[in-house]
Amino acid sequence: MTVTYVIDGSEVTGLERFWQVIGEAVNGPGGYFGRNLDAFADCLSGGMGTPDDGDFVIEWRDHASSARALGHEETARHVRRLLGRAHPTNRPALQRNLDEALAGHGPTLFDQLVEIIEERTGPGTLRLR
């Protein structure tokens, strides 16, 4: 039986709120399902509340609201935080990402989250509504 996890996109007001919404969708109130992009990818790859046989769907309702909330402005905010604690060798690439986001170009956090879901779960697992 396929399990469906529903993300209410209207509740996603930024990245921190996304972590709460996805955690609760998968694991109930107060649930954890990653607090950064790497942890989120790891959670999708190995249990962490999802069915062990991988038979699940993530239905992202009102994803357009999430796409706006996780757009270039939120992406720039996120990259700024990363830049402050990045290893010196990673700073030039992060600065390029920040400059791109500030100019309204390049992938957004929403794009990155969608890509992670599609890469880690396979086709048909993500339904954008």
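Rules used in this analysis
Residues numbered from 1 in each chain as written. Predicted model: local features only at pLDDT ≥ 70, side-chain atom pairs only at ≥ 80, totals over all residues. Heavy atoms only, no water. UniProt positions renumbered as here; feature names shortened; annotations may be inferred. Salt bridge = Lys/Arg side-chain N within 4 Å of Asp/Glu carboxyl O. Buried < 20%, exposed > 50% of the residue type's maximum accessible area, 1.4 Å probe, protein only. Helix = DSSP H or I, 4+ residues; strand = E, 2+ residues; numbered from the N terminus.

- As annotated in an unreviewed UniProt entry, the chain is Barstar family protein from Streptomyces sp. 900116325.
- What UniProt records for the chain under Sequence similarities (unreviewed entry) is the sentence "Belongs to the barstar family."

## A few points about the pattern of salt bridges
So, step 1. Considering all chains together, one arrives at 6 salt bridges under this definition.
So, step 2. Measuring nitrogen to oxygen at the nearest pair gives 2.9 Å for the salt bridge that ties Glu-11 to Arg-17.
So, step 3. Among the residues examined, Glu-11 registers a relative accessible area of 35% and is labelled partly exposed.
So, step 4. Across the pair Glu-59 and Arg-127 runs a salt bridge whose closest N-O atoms are separated by 3.7 Å. In this pair, Glu-59 is assigned in strand 2 (residues 56–61) and Arg-127 in strand 3 (residues 126–128), connecting sequence segments 68 residues apart.

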